[in-house]
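Structural overview
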Amino acid sequence: MSAQTGPARSAAARTPEEAHTPDLLYSETEEDLRSAVRALLADRAGAPAVIAATESRSPYDRRLWDSLAGGIGAAGLLVPEERGGQGASHREAAVVLEELGRSVAPAPYLTSAVVATEILLALDARDGPAAELLADLAAGRRAAVLALPFATPAADSEATLTGTLERTVAGVADAAAADVLLVPTDEGLYAVESADPGVTVEPLVPLDLTRPLAAVTLTGASGTLLAGPGPAGAAVARGLLSGAGLLASEQLGLAEWCLTETVRYTRERHQFNRPVGSFQSLKHRMAQLWLEVVSARAAARNAADALATGSPGAPLAVAVAQAYCSKVAVHAAEECVQLHGGIGMTWEHPAHLYLKRAKADSIAYGTAGRHRESVAALTELPAP
Amino acid sequence: MSTTTDAADIRRRTQELLAAHPPAATGRTAFLQARFDAGLAWVHYPTGLGGLDAPRSLQTVVDAELAAAQAPDNDPRRIGIGLGMAAPTILDHGTDEQKRRFLRPLWVGEEVWCQLFSEPGAGSDLAALGTRAVRDGDDWVVDGQKVWTSSAHLARWAVLVARTDPDVPKHRGISYFVCDMTDPGVEVRPLRQITGEAEFNEVFLTGVRIPDSRRLGPAGEGWQVARTTLMNERVSIGGARVPREGGMIGTVAKTWRERPGLRTHDLHHRLLTLWVEAEVARLTGERLRQQLVAGQPGPEGSGMKLAFARLNQEISGLEVELLGDEGLLYSDWTMRRPETVDFTGRDAGYRYLRSKGNSIEGGTSEILLNIVAERVLGLPAEPRNDKDIAWKDLAR
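Predicted model only: the values in this text are computed from it and were never measured.

1. Considerations on the overall build of chain A
Across its full length, chain A carries 12 helices and 9 strands. Here the C-alpha radius of gyration of chain A, 20 Å, is about what a compact globule of 384 residues would show, namely 21 Å. Expressed as lengths along the three principal axes of its C-alpha atoms, the size of chain A is roughly 70 × 55 × 50 Å. A total of 384 residues make up chain A; the buried ones form 63% of that total. Taking all contacts inside chain A whose residues are at least 6 apart in sequence as the whole, residues at least 24 apart take part in 76%. Counting every atom, chain A has about 14,200 Å² of accessible surface; 54% of that belongs to carbon and sulfur. Seen as two clouds, the 31 positive and the 44 negative side-chain charges of chain A have centres 8 Å apart.

2. A look at the pairing of strand β1 (residues 113-116) of chain B
Residue and element names in this part refer to chain B. Of the two faces of β1, the one lined by Trp-113 and Gln-115 and the one lined by Cys-114 and Leu-116 are each fully buried. Of the pairings in the sheet, the one linking β1 to strand β4 (residues 157-163) comprises 4 bridges and is parallel in character. Its bridge partner being in β4, Trp-113 is matched across the sheet by Trp-157.

3. Quick look at the packing of aromatic side chains
Tallied over the entire structure, the rule returns 14 aromatic pairs over all chains. Ring centres of Phe-150 of chain A and Tyr-365 of chain A lie 5.1 Å apart, and the angle between their planes is 75 degrees; this geometry places the pair in the edge-to-face category. Within this pair, whereas Phe-150 of chain A is found in the loop between β1 (144-146) and β2 (167-173), its partner Tyr-365 of chain A is found in the loop between α11 (351-361) and α12 (368-379), the two being separated by 215 residues in sequence. Just as Phe-150 of chain A is buried, Tyr-365 of chain A falls in that class too. Ring centres 3.6 Å apart and planes at 15 degrees place the aromatic pair Tyr-330 of chain B and Trp-333 of chain B in the stacked group.

4. Remarks on helix α9 (residues 280-308) of chain A
Over its 29 residues, α9 of chain A extends 41 Å from the first C-alpha to the last, a length consistent with the 42 Å expected when each residue adds 1.5 Å. Positive phi shows up at Gly-310 of chain A, right after α9 of chain A, with a value of about 60 degrees.

5. Here's the deal with the confidence of the model for chain A
In the predicted model, chain A carries a mean pLDDT of 94, and the fraction of residues at 70 or more is 95%. Within the model, the stretch residues 1-19 of chain A combines pLDDT values under 50 with 36 contacts to residues more than four positions away or in other chains.

6. Some points on the packing of α9 of chain A against helix α9 (residues 300-323) of chain B
One way to put it is that α9 of chain A packs onto α9 of chain B with a least axis distance of 10 Å and a crossing angle of 100 degrees. Classed by the angle they form, the pair α9 of chain A and α9 of chain B counts as roughly perpendicular. Contacts between α9 of chain A and α9 of chain B pair Trp-290, Leu-291 and Val-294 of chain A from the former with Glu-300, Gly-303, Leu-306 and Ala-307 of chain B from the latter.

7. A word on the interface of chain B and chain A
Facing 45 residues of chain B, the contacting portion of chain A comprises 44 residues. Linking chain B to chain A there are 3 salt bridges. The salt bridge partner of Arg-274 of chain A is Glu-382 of chain B, with a shortest N-O separation of 3.8 Å. Seen at the junction of chain B and chain A, the total is 16 residue pairs in polar contact (both at pLDDT 80 or more). Take the side of chain B that touches chain A: its biggest share by element is 17 residues, from helix α8 (residues 265-293) of chain B.

8. What about the pairing of strand β6 (residues 213-218) of chain A?
All names here are of chain A. Judged from the 5 bridges that link them, β2 and β6 form a sheet pairing that is antiparallel. Each bridged residue has a counterpart across the sheet, and for Val-169 the counterpart in β6 is Val-216. The pairing of strand β5 (residues 199-203) with β6 spans 5 bridges and is antiparallel. Among the inter-strand pairings, Val-199 is bridged to a residue of β6, identified as Leu-218.

9. Digging into the sheet that holds β2 of chain A
Residue and element names in this part refer to chain A. Ordered in space as β2-β6-β5, the 3 strands form an open sheet in which the pairing is antiparallel. The sheet is open, and its two borders are formed by β2 and β5, each paired with just one other strand. Between one strand and the next, the sheet's axes are offset by a mean angle of 20 degrees, whatever the strand orientation.

10. What to know about empty space enclosed by the protein
Residue and element names in this part refer to chain A. On inspection of all chains with the given rule, the structure shows 3 cavities of 30 Å³ or more. The volume enclosed by the largest cavity comes to roughly 90 Å³. Forming the walls of the largest cavity are Thr-111, Val-115, Val-145, Leu-146, Leu-148, Pro-149, Phe-150, Val-172, Ala-173, Leu-240 and Tyr-365. Breaking the lining of the largest cavity down by element, the ones donating at least two residues are α6 (109-123), β1 and β2. When the residues that make up the lining of the largest cavity are grouped by side-chain class, the tally is 10 nonpolar, 1 polar and no charged.

11. Re the side chain of Gln-193 of chain B
Residues and elements named next belong to chain B. Within the secondary structure, Gln-193 sits in the loop between β6 (186-191) and β7 (200-211). Among the residues examined, Gln-193 registers a relative accessible area of 17% and is labelled buried. Looking at Gln-193, its side chain comes within polar contact range of the main-chain nitrogen of Glu-199, at 2.9 Å. Excluding its chain neighbours within four sequence positions, the residues that come into contact with Gln-193 are Ala-198, Glu-199 and Phe-200.

12. Quick word on the pattern of salt bridges
Residues and elements named next belong to chain A. For the structure shown, the criterion picks out 68 salt bridges over all chains. In this structure, Asp-61 engages Arg-44 in a salt bridge whose closest nitrogen and oxygen atoms are separated by 2.8 Å. Of this pair, Asp-61 sits in the loop between α3 (47-54) and α4 (62-71) while Arg-44 sits in helix α2 (residues 28-44), and the two are 17 residues apart along the sequence. A relative accessible area of 23% means that Arg-44 is categorised as partly exposed. Note that Arg-91 and Asp-305 form a salt bridge whose closest N and O atoms lie 2.8 Å from each other. One end of the pair, Arg-91, is in helix α5 (residues 90-103); the other, Asp-305, is in helix α9, with 214 residues separating them in the sequence. By the burial criterion, Arg-91 is buried, and Asp-305 matches it.

13. What to know about the environment of Leu-121 of chain A
All names here are of chain A. Mapping Leu-121 onto the fold places it in helix α6. Taking the relative accessible area as the measure of exposure, Leu-121 reaches 5% and is therefore buried. The spatial distance from the C-alpha of Leu-121 to the C-alpha of Val-199 is 25 Å, given a sequence separation of 78 residues.

14. Some remarks on the nonpolar core
Among the nonpolar cores identified, the biggest contains 146 residues, and Leu-68, Val-96, Tyr-109, Leu-120, Leu-182, Leu-246 and Tyr-365 of chain A are the most heavily contacted of them. For this core, the leading source of residues is helix α10 (residues 314-339) of chain A, giving 18 residues. Core analysis: the next-biggest nonpolar cluster, separate from the first, contains 54 residues, Ile-90, Leu-126, Leu-205 and Ile-210 of chain B among them.

Thresholds, definitions, all that
Residues numbered from 1 in each chain as written. Chains lettered and ligands numbered in written order. Predicted model: local features only at pLDDT ≥ 70, side-chain atom pairs only at ≥ 80, totals over all residues. Heavy atoms only, no water. Helix = DSSP H or I, 4+ residues; strand = E, 2+ residues; numbered from the N terminus. Rg over C-alpha atoms; globule rule 2.2 N^0.38 Å. Buried < 20%, exposed > 50% of the residue type's maximum accessible area, 1.4 Å probe, protein only. Contact = heavy atoms within 4.5 Å. Areas by Shrake-Rupley, 256 points an atom, 1.4 Å probe, with all protein chains shown as cover. Lys, Arg positive; Asp, Glu negative; His and termini not counted. Charge placed at Lys NZ, Arg CZ, Asp CG, Glu CD. Pairing = 2+ DSSP bridges. Phe/Tyr/Trp six-rings, centres within 6.5 Å; stacked < 30°, edge-to-face > 60°. Expected span 1.5 Å × (residues − 1). pLDDT = per-residue confidence, 0-100. Axes fitted to C-alpha atoms, helices over the stretch in contact; angles between N-to-C directions. Parallel < 35°, antiparallel > 145°, perpendicular 65-115°, else oblique. Salt bridge = Lys/Arg side-chain N within 4 Å of Asp/Glu carboxyl O. Polar contact = N/O pair within 3.5 Å; in protein donor to acceptor, adjacent residues only side chain to side chain. 1 Å grid on protein atoms, 1.4 Å probe; cavity = no way out; pocket = protein on both sides within 12 Å on 5 of 7 lines; lining within 4 Å. Points joined across faces, edges and corners; volume = space filled by probe spheres on them. Nonpolar A, V, L, I, M, F, W, Y, C, P; charged D, E, K, R; others polar. Core = buried A, V, L, I, M, F, W, Y, C linked by side-chain atoms within 4.5 Å.

Okay, structure coming up:
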């Protein structure tokens, strides 16, 4: 990948002989950011609030987004200060996503503050519409999403530059929350205002209620061409790669919540005059899950660090993280439902929100199988 | 004292050792003895016992300097039990006299150690052990049988747990000894295993007399001492930095690249899944190592052995299938008694069979899952029916 975004702070802090070793720990700054985001989400996006929101016409909580994106400054983490952001890196954005995974609150963070932001950063415009939009996204004033199906893998980025502005794109994540749509066409990348009279955003019924999907139809819409096909292709590829890489951190946070809640519940729930968490068959399943979660943490941190430092190994680190963390998140959510027994099947308990998010995440930006194909290509382990 | 000063100080001491005892002109044992006496054997050990009371992380400075000078090392693979288990236990629980007597020849490799813990009737439930030690004057007289003892046929010394009081609950009546493997009454018999060779032994103890001065820790409190040994047994991971494809996955990946004719779609799918899991396990180990260096040890170590056991088994199983016709063959069933444990060497069939032990030795995967569940996740313990009952009254 050509575009390196944000200062490579963690790499610079290390001694030369350690330069090739990823920093897999959390810095104090990152832990402070985590505390702030967690407190905000606990206050404004508890499970009952999230369930109620998914049943409303608009699941997005504008005040929550303003506090997260603008107040805490989370939307601008990837953007250098001189371009209107916080000048942090993917490592910090990954911590925000861990917390959003723990909360499954509907917020266009991954789609706008990561993917759309990375695309604009990669265009490297110092002024003009792309630079202005980037500053707006970084400040949390506006949100933008890439008008492609959520399932599009980074490996397919070259095929995304096709067609014209006259089109319908189904399965666009967070389109309903976006002020701007980034539309790849064979002429290059357009920015289209959602409020443009030629734009229709029709909500779909999504499997994952906490990350709404929409069908975007453009008929006679006018857009601003941000970049021609060459730079647009590279920028979309960068956006999808970062999206896939940081999605691993969301999956980690989600899995961690599922494990923590399952441990808590099975310690309290009694059957046969014992806490059910004292039965070995259940303990082993939770211990196994714990091992998967700590492993997912190493994989997700490695991907975030590789993106942050502009490492040439980033595509492999991302493919490994996605191939691994998707499975862990789904497994954790499935175990959470099962080990909660009947409670886990109810609408009232939030376990279902996590299962739906985990399963949808396992398709987003490419399935584990697609990422394994990338691993095969990058490690020279070809198919027969 | 800042860490930088320490590193520079240790580098200087290492250079002084090399100057006084040039590796090319010094015998292996003599060099290792001089290194021990210079406090550069294990720098975190006390001064006078092979160390300098320095931070453990500084050992890497010594190791790097000595490796660059091509100095001999003490072959940790051959004396792993002494280094990894006996030494920390002696350091924590031994008398000054015991530390002075045992640590230097142990580290230099002049004396090999083994561990007389497991018994035919006490494996995972180690505290149920039945080998008896009865006090007789200044000695203890030991009778019983141990099993799964690696290096027993090479060992000069053993750490030994034995029952000294059958009338109290099982964890309370155990004492911990250092046993001289050359004493009369110690009989070592090879235990031939699934691979065809005898890497382990059975050890029969018949009227073995151990002087009380070779008891480690108070009589009856051997379980606490044994816990030090067991904890160190499982903390063997985390020190070394492993390269990508550094373990068993590297062997099978190499075969895959070199022999396209063996490839099938099913094996490709499984290989890639395992490749990803092996890479993630490597990263998890690296993260654990970084936590240790940063002085924030995480609980990940408890789980690493579980992950490696499963991966080794699945990867070696896949490798046998990948090899097809060759997978039907085995290199050599001749009974042998190897000096070192060799998990990744030799051929695919051997690796497949040997890796079956990875989920048993040093704590079965089932026991380790219990430990993670109870100590890391805080889940309630299973109900027990062996507490507060004298060992002699337990059903066996």
